[in-house]
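Commentary on secondary and tertiary structure
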Amino acid sequence: MKEKLQNTRRSYEQGLLSFEDMAANPLQQFTRWYADYEKAQGDDPNACLLSTADNQGRVTARVILLKGVDRGGFEFYTNYRSQKGRQLSENPQAALTFYWPQQERQIRIEGWVERLPEEESDGYFKSRPRGSQLGAWVSPQSEAIESRRVLDQRLKAVQAQYGAMEVVPRPPHWGGYRLNPLLIEFWQGRPSRLHDRMVYEQRTDKSWVLNRLAP
(Lines give C-alpha, C1' and ligand atoms only; values in the text may rest on other atoms or scores of the structure.)
Protein backbone atom coordinates (compact mmCIF):
# COMPACT_ATOMS: atom_id res chain seq x y z
CA MET A 1 0.00 0.00 0.00
CA LYS A 2 2.79 2.44 0.89
CA GLU A 3 4.59 1.91 -2.43
CA LYS A 4 1.33 2.30 -4.34
CA LEU A 5 0.58 5.59 -2.65
CA GLN A 6 4.08 6.92 -3.18
CA ASN A 7 3.84 6.14 -6.88
CA THR A 8 0.41 7.75 -7.31
CA ARG A 9 0.96 11.09 -9.02
CA ARG A 10 -0.96 13.61 -11.08
CA SER A 11 0.26 16.48 -13.22
CA TYR A 12 -1.87 19.60 -12.85
CA GLU A 13 -2.34 21.28 -16.21
CA GLN A 14 -5.78 22.95 -16.14
CA GLY A 15 -4.94 26.59 -15.48
CA LEU A 16 -3.01 29.30 -13.70
CA LEU A 17 -3.73 32.07 -11.23
CA SER A 18 -2.35 35.62 -11.16
CA PHE A 19 -3.12 38.86 -9.32
CA GLU A 20 -5.00 40.05 -12.41
CA ASP A 21 -7.39 37.09 -12.04
CA MET A 22 -8.38 37.92 -8.48
CA ALA A 23 -11.46 39.88 -7.41
CA ALA A 24 -11.12 42.75 -4.96
CA ASN A 25 -13.06 40.77 -2.36
CA PRO A 26 -12.56 37.06 -1.55
CA LEU A 27 -16.31 36.42 -1.37
CA GLN A 28 -16.58 37.62 -4.97
CA GLN A 29 -13.69 35.35 -5.93
CA PHE A 30 -15.38 32.41 -4.18
CA THR A 31 -18.60 33.09 -6.09
CA ARG A 32 -16.70 33.09 -9.40
CA TRP A 33 -15.01 29.77 -8.70
CA TYR A 34 -18.22 28.24 -7.41
CA ALA A 35 -19.99 29.21 -10.65
CA ASP A 36 -17.12 27.73 -12.68
CA TYR A 37 -17.48 24.42 -10.85
CA GLU A 38 -21.23 24.36 -11.38
CA LYS A 39 -20.74 24.99 -15.11
CA ALA A 40 -18.33 22.06 -15.21
CA GLN A 41 -21.15 19.95 -13.72
CA GLY A 42 -18.99 18.91 -10.81
CA ASP A 43 -20.57 16.71 -8.15
CA ASP A 44 -21.77 18.26 -4.88
CA PRO A 45 -20.36 21.76 -5.40
CA ASN A 46 -21.39 22.83 -1.90
CA ALA A 47 -19.70 19.87 -0.17
CA CYS A 48 -16.77 20.98 1.97
CA LEU A 49 -14.63 19.79 4.86
CA LEU A 50 -15.36 21.47 8.19
CA SER A 51 -12.54 21.27 10.73
CA THR A 52 -13.16 22.13 14.39
CA ALA A 53 -11.23 21.70 17.62
CA ASP A 54 -12.15 21.39 21.29
CA ASN A 55 -10.63 23.44 24.09
CA GLN A 56 -7.81 20.90 24.39
CA GLY A 57 -6.82 21.39 20.75
CA ARG A 58 -8.11 18.01 19.53
CA VAL A 59 -9.10 18.51 15.89
CA THR A 60 -12.03 16.81 14.17
CA ALA A 61 -13.02 17.07 10.50
CA ARG A 62 -16.05 15.98 8.50
CA VAL A 63 -17.71 16.77 5.17
CA ILE A 64 -20.73 19.06 5.38
CA LEU A 65 -22.91 20.97 2.90
CA LEU A 66 -22.58 24.73 2.64
CA LYS A 67 -26.03 26.36 2.80
CA GLY A 68 -25.32 30.03 2.33
CA VAL A 69 -22.81 32.77 1.65
CA ASP A 70 -24.24 35.86 3.32
CA ARG A 71 -23.19 38.87 5.38
CA GLY A 72 -19.58 38.17 4.59
CA GLY A 73 -19.61 34.59 5.90
CA PHE A 74 -20.23 30.93 5.08
CA GLU A 75 -23.34 29.28 6.56
CA PHE A 76 -24.16 25.70 7.51
CA TYR A 77 -26.66 23.90 9.75
CA THR A 78 -26.33 21.08 12.26
CA ASN A 79 -27.32 19.70 15.63
CA TYR A 80 -25.96 21.97 18.38
CA ARG A 81 -25.36 18.84 20.52
CA SER A 82 -23.29 17.07 17.85
CA GLN A 83 -19.54 16.77 18.17
CA LYS A 84 -18.97 19.81 15.97
CA GLY A 85 -21.60 21.75 17.87
CA ARG A 86 -19.97 20.95 21.20
CA GLN A 87 -16.53 21.82 19.88
CA LEU A 88 -17.74 25.11 18.45
CA SER A 89 -19.22 26.05 21.82
CA GLU A 90 -15.82 25.40 23.44
CA ASN A 91 -13.68 26.87 20.67
CA PRO A 92 -15.44 29.01 18.02
CA GLN A 93 -12.51 28.82 15.59
CA ALA A 94 -12.95 26.64 12.49
CA ALA A 95 -11.85 26.02 8.91
CA LEU A 96 -13.59 25.02 5.68
CA THR A 97 -11.90 23.32 2.73
CA PHE A 98 -13.34 22.93 -0.77
CA TYR A 99 -11.67 20.66 -3.36
CA TRP A 100 -12.84 20.75 -6.97
CA PRO A 101 -10.71 18.22 -8.92
CA GLN A 102 -12.25 18.92 -12.33
CA GLN A 103 -10.57 22.33 -12.28
CA GLU A 104 -7.67 21.31 -10.03
CA ARG A 105 -8.69 23.91 -7.47
CA GLN A 106 -8.85 24.13 -3.69
CA ILE A 107 -10.17 26.83 -1.38
CA ARG A 108 -9.19 27.07 2.29
CA ILE A 109 -11.15 29.30 4.68
CA GLU A 110 -10.20 30.07 8.29
CA GLY A 111 -12.20 32.16 10.72
CA TRP A 112 -14.48 32.38 13.74
CA VAL A 113 -17.96 30.93 14.04
CA GLU A 114 -21.19 32.29 15.47
CA ARG A 115 -24.71 30.92 15.64
CA LEU A 116 -27.25 32.31 13.21
CA PRO A 117 -30.29 34.12 14.64
CA GLU A 118 -33.16 31.78 15.49
CA GLU A 119 -35.42 33.32 12.85
CA GLU A 120 -32.88 32.44 10.13
CA SER A 121 -32.65 28.86 11.40
CA ASP A 122 -36.46 28.70 11.50
CA GLY A 123 -36.69 29.92 7.91
CA TYR A 124 -34.22 27.38 6.57
CA PHE A 125 -35.74 24.54 8.60
CA LYS A 126 -39.15 25.23 7.03
CA SER A 127 -37.61 24.91 3.56
CA ARG A 128 -36.24 21.41 4.21
CA PRO A 129 -38.02 18.24 3.04
CA ARG A 130 -40.35 16.86 5.68
CA GLY A 131 -38.23 13.73 6.07
CA SER A 132 -35.20 15.84 6.90
CA GLN A 133 -37.26 17.85 9.37
CA LEU A 134 -38.32 14.69 11.17
CA GLY A 135 -34.77 13.37 11.04
CA ALA A 136 -33.55 16.38 12.99
CA TRP A 137 -35.83 15.30 15.84
CA VAL A 138 -34.93 11.62 15.52
CA SER A 139 -31.13 11.57 15.61
CA PRO A 140 -29.14 12.11 18.82
CA GLN A 141 -26.27 13.12 16.55
CA SER A 142 -22.77 11.90 17.48
CA GLU A 143 -24.06 9.81 20.40
CA ALA A 144 -23.48 6.05 20.56
CA ILE A 145 -26.65 4.02 19.84
CA GLU A 146 -27.29 0.30 20.30
CA SER A 147 -28.46 -0.39 16.75
CA ARG A 148 -30.24 1.01 13.72
CA ARG A 149 -33.46 -0.09 15.39
CA VAL A 150 -33.10 2.84 17.80
CA LEU A 151 -33.45 5.30 14.92
CA ASP A 152 -36.33 3.35 13.36
CA GLN A 153 -38.23 3.36 16.66
CA ARG A 154 -37.59 7.03 17.26
CA LEU A 155 -38.74 7.85 13.71
CA LYS A 156 -42.04 6.03 14.27
CA ALA A 157 -42.57 7.98 17.48
CA VAL A 158 -41.80 11.32 15.82
CA GLN A 159 -44.04 10.48 12.85
CA ALA A 160 -46.86 9.74 15.27
CA GLN A 161 -46.25 13.00 17.14
CA TYR A 162 -46.02 15.30 14.13
CA GLY A 163 -47.78 13.28 11.43
CA ALA A 164 -50.99 15.31 11.55
CA MET A 165 -49.21 18.67 11.77
CA GLU A 166 -48.76 20.69 8.60
CA VAL A 167 -45.62 22.37 9.94
CA VAL A 168 -42.93 20.49 11.85
CA PRO A 169 -41.34 22.82 14.41
CA ARG A 170 -37.56 23.27 14.46
CA PRO A 171 -35.90 21.40 17.32
CA PRO A 172 -34.32 23.82 19.83
CA HIS A 173 -31.08 21.82 19.55
CA TRP A 174 -30.77 22.33 15.78
CA GLY A 175 -29.80 25.43 13.83
CA GLY A 176 -27.31 27.38 11.79
CA TYR A 177 -23.80 28.75 12.08
CA ARG A 178 -21.86 31.35 10.13
CA LEU A 179 -18.10 31.08 9.67
CA ASN A 180 -16.74 34.62 9.43
CA PRO A 181 -13.53 34.40 7.41
CA LEU A 182 -10.24 35.95 8.45
CA LEU A 183 -8.25 34.15 5.73
CA ILE A 184 -9.27 32.67 2.37
CA GLU A 185 -6.74 30.94 0.13
CA PHE A 186 -7.34 30.04 -3.52
CA TRP A 187 -5.13 27.23 -4.84
CA GLN A 188 -4.72 26.38 -8.51
CA GLY A 189 -2.77 23.25 -9.43
CA ARG A 190 0.24 23.80 -11.70
CA PRO A 191 2.89 21.49 -13.25
CA SER A 192 5.93 20.32 -11.25
CA ARG A 193 4.10 21.00 -7.98
CA LEU A 194 4.74 24.73 -8.44
CA HIS A 195 1.11 25.55 -7.69
CA ASP A 196 -0.42 29.02 -7.60
CA ARG A 197 -1.58 30.08 -4.13
CA MET A 198 -3.30 33.42 -3.60
CA VAL A 199 -4.40 34.33 -0.08
CA TYR A 200 -6.67 37.10 1.21
CA GLU A 201 -6.19 38.08 4.86
CA GLN A 202 -8.43 40.46 6.73
CA ARG A 203 -6.92 43.53 8.38
CA THR A 204 -8.17 44.98 11.64
CA ASP A 205 -10.13 47.61 9.68
CA LYS A 206 -12.02 44.76 7.90
CA SER A 207 -10.31 45.42 4.56
CA TRP A 208 -8.52 42.60 2.73
CA VAL A 209 -4.89 42.27 1.69
CA LEU A 210 -3.95 39.84 -1.10
CA ASN A 211 -0.62 38.00 -1.28
CA ARG A 212 0.90 35.19 -3.29
CA LEU A 213 2.24 32.23 -1.27
CA ALA A 214 5.00 29.85 -2.27
CA PRO A 215 3.63 26.38 -3.04
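Scroll up a little and you will see the structure.
My aim in this report is to walk through the structure given alongside it, one point at a time. Computed from a predicted model, the values in this text were never measured in an experiment. (Residues numbered from 1 in each chain as written. Predicted model: local features only at pLDDT ≥ 70, side-chain atom pairs only at ≥ 80, totals over all residues. Heavy atoms only, no water.)

1. Quick word on unusual backbone geometry
Here Glu104, not a glycine, exhibits a phi torsion of approximately 55 degrees, which is positive. Note that Glu104 resides in the loop between strand E5 (93–100) and strand E6 (105–115). Take Glu104: its relative accessible area is 4%, and that puts it in the buried class. A positive phi angle, near 60 degrees, is found at Arg193, a position not held by glycine. We classify Arg193 as partly exposed; its relative accessible area is 41%. (Helix = DSSP H or I, 4+ residues; strand = E, 2+ residues; numbered from the N terminus. Buried < 20%, exposed > 50% of the residue type's maximum accessible area, 1.4 Å probe, protein only.)

2. Digging into the packing of aromatic side chains
Pairs of aromatic rings are described using the distance from one ring centre to the other and the angle between the two planes. Inspection of every chain in the model, using the stated rule, returns 17 aromatic pairs. Ring centres of Tyr77 and Trp174 lie 5.6 Å apart, and the angle between their planes is 15 degrees; this geometry places the pair in the stacked category. Of this pair, Tyr77 sits in strand E4 (residues 73–79) while Trp174 sits in strand E7 (residues 174–188), and the two are 97 residues apart along the sequence. Assessed through its relative accessible area of 16%, Tyr77 is described here as buried. Relative accessible area serves as the criterion here: at 6%, Trp174 is assigned to the buried category. On the basis of an interplanar angle of 55 degrees and a centroid distance of 5.7 Å, the ring pair of Phe98 and Trp100 is categorised as tilted. Clustering of aromatic rings is evident, with ring pairs tying together Phe30, Tyr34, Tyr37, Phe74, Phe98 and Trp100. It is Arg115 that lies over the ring of Tyr80; its NZ or CZ is 3.5 Å from the centre. (Phe/Tyr/Trp six-rings, centres within 6.5 Å; stacked < 30°, edge-to-face > 60°. Lys NZ or Arg CZ within 6 Å of the ring centre and 35° of its normal.)

3. Quick notes on the pattern of salt bridges
In this structure the tally under the stated criterion is 14 salt bridges. Note that Arg178 and Glu114 form a salt bridge whose closest N and O atoms lie 3.4 Å from each other. Of the two residues, Arg178 is situated in strand E7 and Glu114 in strand E6; the sequence distance between them amounts to 64 residues. Taking relative accessible area as the criterion, Arg178 reaches 5% and is therefore assigned buried. The salt bridge involving Arg170 is made with Asp122; its shortest N-O contact spans 2.6 Å. You can see Arg170 sitting in the loop between helix H6 (148–162) and E7 and its partner Asp122 sitting in helix H4 (residues 118–127), a full 48 residues away along the chain. Under the relative-accessibility criterion, Arg170 is labelled buried at 16%. The exposure class of Asp122 is partly exposed, given its relative accessible area of 30%. (Salt bridge = Lys/Arg side-chain N within 4 Å of Asp/Glu carboxyl O.)

4. Details of helix H5 (residues 130–138)
Since the α-helix advances by 3.6 residues per turn, residues separated by three or four positions end up pointing in the same direction. Along H5, the residues classified as buried are Gln133, Leu134, Ala136 and Val138. Lining the buried residues of H5 we find H4, H6 and E7. (Contact = heavy atoms within 4.5 Å.)

5. Topic: the pairing of strand E9 (residues 208–213)
Pairing of strand E8 (residues 196–202) with E9, which is carried by six bridges, proceeds in the antiparallel orientation. Across the sheet, residue Glu201 finds its bridge partner in E9, namely Val209. Hairpin connection, E8 to E9: the antiparallel pair is bridged by five residues, and Lys206 has positive phi, about 75 degrees. (Pairing = 2+ DSSP bridges.)

6. What to know about the pairing of strand E2 (residues 59–65)
Burial of E2 is one-sided: the residues Thr60, Arg62 and Ile64 facing one way are buried, the residues Val59, Ala61, Val63 and Leu65 facing the other way are not. When strand E1 (residues 47–53) meets E2, the two strands line up antiparallel, connected through seven bridges. Directly across from Leu49, in E2, lies its bridge partner Val63. The turn linking E1 back onto E2 is made up of five residues, and Gly57 within it adopts a positive phi angle of 90 degrees.

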